[in-house]
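Observations on the three-dimensional arrangement
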Amino acid sequence: MPEFVPGLELSESFYRDVVKPILDVHYPGLAYAAALIGAGSEVLGYDTEQSTDHHWGPRVMLFVSKDTYETLKTPISETLSAKLPYTFRGYSTNFGEPDEIGVRLMQEIASGPVNHRVDIATVRSFFMAHLGFDPHDDIRPADWLTFSEHQLLCATRGKVFHDGSGELTEVREKVGYYPRDIWLYLLASQWEKVAQDEAFVGRCGDVGDALGSRLVATRLVRHLMRLCFLMERHYAPYAKWFGSAFSRLECAHVLSPVLAGVLSAHSWWERERHLSEAYRIVAEKHNALDITEPLETEVSQYHTRPYMVIHGDRFVAAIRRQIRDEAVRNLDPAIGSVNQFADASDALEDPKLGRKLKILYE
């Protein structure tokens, strides 16, 4: 195995050193975009040598117009099959056929055409398959709330190596992050989740349910982490990369050890103490956004019960008052987006399900 190269770096050099020269010679004047976006740990910058065991390798995505796709997709692909080298930077450019679950692996050959991964598509077909919407249509609130956040991240991360028409760049900017009112609604919905669970760490512990208290605390840690993604305006990935992505947020160096203390605590009152510190940090972060009047950042007793909470409902109400679009303001914060109430990664990445779930908002 050659020395590991991050997949995004490998893809870009493969395009510039090999694919582009072939296109320049055989299809001069071709209007296209070249990129690596969409699925793959290398798109998010999390790939390691372990990642080379599936789908990984020298690959590029070419985006062309509808007319070009219909007339030249096959000729371009066949030209690349005939002209590509068999290896690039020590990695095979040839891939085997998909296995029973669709996985393609690099497969070395010494002769014949290259079964390459220079995938050709249109910008529209990519976003229809990836997010289930025509990127040239207006994006309505129900669309934003049913897009998979992980899929949004994958569509807007990676890198565009060349964009002759600017179409791909324009669409990526269009879905770069949530519009203001949708963002505020998501923030309110995430604080609502905190409000729903915050008293239960102590209540479970009070009745001797140590496991239940740990479970609720774990939920609250995740709620707070997702709040931080929203506050810093970063799409959050699915479970495999959630912690890795969180570690790159600005607040992570302060908040991570506190959250680790929540998860490692041996008693509910120790757990509550760490959570109280986490609440304070996140509440101060909220105030720094300057989207509402400053709110109290210290915990206090939960009504007449001896459990210390941040009273997340205060943040919900304050944020909702700042939403300008009446239709968005009237959405139930207990629902939130599909990413806030659903937890099955495969389901979230199915655009057909997203289209069905729009009924919740319309």
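Figured I'd write up the structure that's included with this text. Here the structure is a predicted model, which is why all the values come from computation and not from measurement.

Basis of the calculations
Residues numbered from 1 in each chain as written. Predicted model: local features only at pLDDT ≥ 70, side-chain atom pairs only at ≥ 80, totals over all residues. Heavy atoms only, no water. Helix = DSSP H or I, 4+ residues; strand = E, 2+ residues; numbered from the N terminus. Buried < 20%, exposed > 50% of the residue type's maximum accessible area, 1.4 Å probe, protein only. Contact = heavy atoms within 4.5 Å. Areas by Shrake-Rupley, 256 points an atom, 1.4 Å probe, with all protein chains shown as cover. 1 Å grid on protein atoms, 1.4 Å probe; cavity = no way out; pocket = protein on both sides within 12 Å on 5 of 7 lines; lining within 4 Å. Points joined across faces, edges and corners; volume = space filled by probe spheres on them. Nonpolar A, V, L, I, M, F, W, Y, C, P; charged D, E, K, R; others polar. Axes fitted to C-alpha atoms, helices over the stretch in contact; angles between N-to-C directions. Parallel < 35°, antiparallel > 145°, perpendicular 65-115°, else oblique. Left-handed = near helix turned anticlockwise from the far one by under 90°. Salt bridge = Lys/Arg side-chain N within 4 Å of Asp/Glu carboxyl O. Pairing = 2+ DSSP bridges.

**Thoughts on the overall build of the chain**
Counting its secondary structure elements, the chain contains 18 helices and eight strands. Projected onto the principal axes, the alpha-carbon positions of the chain cover approximately 75 × 45 × 35 Å. Across the 362 residues in the chain, those meeting the buried criterion constitute 52%. Restricting the contact set of the chain to residue pairs at least 6 apart, pairs at least 24 apart contribute 70%. Split by element, the accessible area of the chain, about 17,000 Å² in all, is 52% carbon and sulfur.

**A look at unusual backbone geometry**
Of note in this structure, Arg89 is not a glycine but carries a positive phi near 50°. By relative accessible area, Arg89 is classed as partly exposed at 39%. If you check the backbone angles, Asp290 has positive phi at about 60° while not being a glycine. Inspection of the secondary structure puts Asp290 in the loop between helix H13 (268–289) and strand S7 (300–302).

**Some thoughts on the layout of surface pockets**
In this structure, the largest pocket spans a volume of roughly 800 Å³. The wall of the largest pocket is formed by 26 residues, among which Gly38, Ala39, Gly40, His55 and Arg59 lie closest to the centre. At the level of elements, helix H2 (41–44), strand S5 (118–121), helix H4 (123–131), helix H6 (149–156) and helix H11 (239–246) are the ones that each hand at least two residues to the lining of the largest pocket. Among the residues forming the lining of the largest pocket, the class breakdown is eleven nonpolar, nine polar and six charged. Each pocket or cavity is described by its volume, and for the second largest pocket that value is around 260 Å³. Lining the second largest pocket are 13 residues, and of these Lys193, Arg222, His223, Gln340 and Asp343 lie nearest its centre. Among the elements that line the lining of the second largest pocket, the one with the most residues is helix H10 (residues 210–231), at five residues. Grouping the constituent residues of the lining of the second largest pocket by class yields two nonpolar, six polar and five charged.

**Comments concerning the packing of H10 against helix H12 (residues 252–264)**
Where H10 contacts H12, the two axes come as close as 9 Å, and the packing angle between them is 165°. Considering the angle they form, H10 stands roughly antiparallel to H12. H12 is crossed by H10, and the crossing has left-handed handedness. Contact residues: Arg214, Ala217, Thr218, Val221, Leu224, Met225 and Cys228 in H10; Leu255, Leu259, Val262 and Leu263 in H12. Taken together, the residues of the contact of H10 with H12 sort by class into nine nonpolar, one polar and one charged.

**Topic: the pattern of salt bridges**
Scanning the model with the defined rule gives 19 salt bridges in all. Here Asp181 makes a salt bridge to Arg180, at a shortest N to O gap of 3.1 Å. Judged by its relative accessible area of 33%, Arg180 is partly exposed. Across the salt bridge formed by Glu293 and Arg321, the nearest N and O atoms sit 2.9 Å from each other. Linking Glu293 in the loop between H13 and S7 with Arg321 in the loop between helix H14 (312–320) and helix H15 (326–329), this pair joins segments that are 28 residues apart in sequence. The class for Glu293 is partly exposed, based on a relative accessible area of 35%. If you follow the salt bridges from partner to partner, you end up with Glu12, Arg16 and Lys159 in one network.

**Considering the sheet that holds strand S6 (residues 159–163)**
Ordered in space as S5-S2-S1-S6, the four strands form an open sheet in which the pairing is mixed. The strands lining the two open edges of the sheet, one partner per strand, are S5 and S6. Across the sheet, the mean angle separating the axes of adjacent strands is 20° when strand polarity is ignored. By the bridge criterion, four bridges tie strand S2 (residues 60–63) to S5 in an arrangement that is parallel. Bridge pairing in S5 places Leu62 opposite Ile120. Where helix H1 (residues 7–26) meets the sheet, its contacts fall on strand S1 (33–36), S2, S5 and S6, and the angle it forms with S6 comes to roughly 15°.

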